[in-house]
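Structure at a glance
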Amino acid sequence: MWGTILFLVVFSSAGHCNGHSRPDNKDQHEEVPAVNNGAWFTGVPQMQDLTEVSWEYMQDLQCWLWPEKCEGDQHTHSSWDWPNAEWKPLQLLSDWYSRVIEDRDLTYGRITNNLTGLQWDLGRRVHGQHLAVGLILSSLEKFLREDGSKKPLTLSFHGWTGTGKNLAAKIIAENLYKDGQKSLCIRVFIPQLHFPHLSHMEAYKAQLAKQITEVTLRCLQPLFVFDEADKIPVALLDSLLPFLRPAETHKSQSIFIFLSAMGANGINEVALNFWRAGRHREEITADDTDRPLKAAIKRKEGDMFLPSRLLQEGLIDAVVPFLPLERAHVKLCARDCFVARGLPYTETALQKVIQELLFVPKEEQLFSAKGCKLVAQRIYFMEL
Ligand SMILES: *[C@@H]1O[C@H](CO)[C@@H](O)[C@H](O)[C@H]1NC(C)=O
């Protein structure tokens, strides 16, 4: 019974506002089959762990799916603690999660690779990111065209919070897989959730390798997203390396996406300098951002951080910069949000949404310090 409830928690997406929702996904949560054999959960203690842990897990899953729903929760993560600090409940739960989905529909996991849709969605929904959009499209196009490539595609997204990194990953998921983020081909790793305790590193290493192997065996084109990649313990690189390196034995074409704010200051400086020189933001090219960004990533205490290590090892195919957002972009986010909620909006309303956001640097007040992050929340409170 509680299984069904949780399932509904995950899929009831009403109220999010990324300016988009697939009509064909609308009713998917309505016919949830019961988890068909009670024998699947063995042992009462695990069941208890599971119920305690599940709420937070679902919250986090929800945060990834609809980031604007979990503003303010962000900082509670570091203090999370599992009931008995073990991986097991989480593993059980994610198994269960896959099982329920598998039971429903064997076509989950179907690959669509709709590049037209990808281009369209990125262009329409990710605001102010001509560089990122261009790089994502060209990298994916090239990768998907090279059939039977032995090298996985590794993208590293960099930029301030709220600039669209998560949204871009979500749009990729939606257009490359029939069931978007619910696809069996996709695994999202969130360090505070999946690797919270340094003392459990050996277990995490084994689990990470196991999970990646499982998805890779099940799916011809797995997608792995690592959120807050700079917080992923570097020790886990050992588990990742075999999958990231080219190998004859790879039977699937994996895509890895690492998200982090590392190097964001390097990007922001480039954007600010362009503005100060009176040049258009759209004139910024990857050549302009590449060096400062890579320098900033590498400078960050050598090999302490996963993205730095990946870059040093030459494993990143594209370093993708997300520029800081200006007023006009944040307004577009606000507009999307009104539209997604079916609310009418006026210029005054949009103005009001961005009015209280913090813009930096102090003098120019040019870039939104939190990107589009607080926009949905603001509109929600305006409605009240
Ligand atoms: C690809 O995406 C576009 C835009 O969302 C859509 O119109 C089109 O039908 C999709 N194509 C396929 C084959 O799904």
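As shown above, the structure is provided for reference.
Small disclaimer: the values here were computed from a predicted structure and weren't measured. (Residues numbered from 1 in each chain as written. Predicted model: local features only at pLDDT ≥ 70, side-chain atom pairs only at ≥ 80, totals over all residues. Heavy atoms only, no water.)

Attention shifts here to the site of the ligand. As a structural note, the neighbourhood of the ligand is formed by N114, G117 and W120. Burial of the ligand by the protein amounts to 33% of the accessible area it has alone, namely 360 Å². (Near = heavy atom within 4 Å. Areas by Shrake-Rupley, 256 points an atom, 1.4 Å probe, with all protein chains shown as cover.)

Cis geometry is adopted by the peptide bond preceding P361, which originates at V360 and carries an omega value of -10 degrees. Its place among the elements puts P361 in the loop between β6 (359-360) and β7 (367-368). With a phi angle near 40 degrees, N113 is a residue other than glycine that sits in the positive phi range. Judged by its relative accessible area of 25%, N113 falls in the partly exposed class. At Q365, a position not held by glycine, the phi torsion is positive, near 50 degrees. Summarising the element assignment, Q365 is placed in the loop between β6 and β7. The exposure class of Q365 is partly exposed, given its relative accessible area of 36%. (Helix = DSSP H or I, 4+ residues; strand = E, 2+ residues; numbered from the N terminus. Buried < 20%, exposed > 50% of the residue type's maximum accessible area, 1.4 Å probe, protein only.)

Bringing the state of the cysteines into the picture now. Scanning the entire structure with this criterion turns up two disulfides. Each disulfide pairs two cysteine sulfurs, and for C333 the partner residue is C372, the sulfurs being separated by 1.9 Å. On the sign convention where negative means left-handed, the S-S torsion of about 75 degrees between C333 and C372 marks this disulfide as right-handed. Note that C333 is positioned in helix α13 (residues 327-340) and C372 in the loop between β7 and α15 (375-383), a separation of 39 residues in sequence. (Disulfide = S-S within 2.5 Å.)

With that settled, the discussion passes to the packing of α13 against helix α14 (residues 347-355). Where α13 meets α14, the axes come as close as 9 Å, and the angle between the chain directions of the two elements is 115 degrees. Where α13 crosses over α14, the handedness of that crossing is right-handed. Contact residues: α13 offers R327, V330, K331, A334, R335 and F338, while α14 offers E347, A349, L350, Q351, V353 and I354. Across the contact of α13 with α14, the residue classes tally to seven nonpolar, one polar and four charged. (Axes fitted to C-alpha atoms, helices over the stretch in contact; angles between N-to-C directions. Left-handed = near helix turned anticlockwise from the far one by under 90°. Contact = heavy atoms within 4.5 Å. Nonpolar A, V, L, I, M, F, W, Y, C, P; charged D, E, K, R; others polar.)

Moving on: the side chain of Q211. Positionally, Q211 belongs in helix α8 (residues 201-218). Polar side-chain contacts of Q211 include one of 2.9 Å to the side chain of R187. (Polar contact = N/O pair within 3.5 Å; in protein donor to acceptor, adjacent residues only side chain to side chain.)

With respect to the helices, strands and loops of the structure, G164 is situated in the loop between β1 (153-159) and α6 (165-176). The buried category is assigned to G164, whose relative accessible area is 15%. Here the alpha-carbon distance between G164 and V126, two residues 38 residues apart in the chain, equals 6.1 Å.

Viewed as axis vectors pointing N to C, helix α4 (residues 115-125) and α6 meet at an angle of 155 degrees, and their least axial separation amounts to 9 Å. Comparing the axis directions of α4 and α6 gives the class roughly antiparallel. The handedness of the crossing between α4 and α6 comes out as right-handed. For the pair α4 and α6, the contacting residues are G117, L118, D121, L122 and R125 in the first and L167, A168, I171, I172, E174 and N175 in the second. Residues belonging to the contact of α4 with α6 are distributed by class as follows: six nonpolar, two polar and three charged. (Parallel < 35°, antiparallel > 145°, perpendicular 65-115°, else oblique.)

Considered for burial, the residues of α4 that qualify are G117, L118, D121, L122 and R125. In a view along the axis of α4, the buried residues occupy a sector of 125 degrees, so they form one face of it. Across α4 from its buried face, at more than 90 degrees, point the exposed residues T116, W120 and G123. Packed against the buried residues of α4 are α5 (130-145), α6 and α13. Capping the start of α4 is the job of one residue whose side-chain oxygen sits 3.3 Å from the backbone nitrogen of T116: N114. (Arc of directions from axis to C-beta.)

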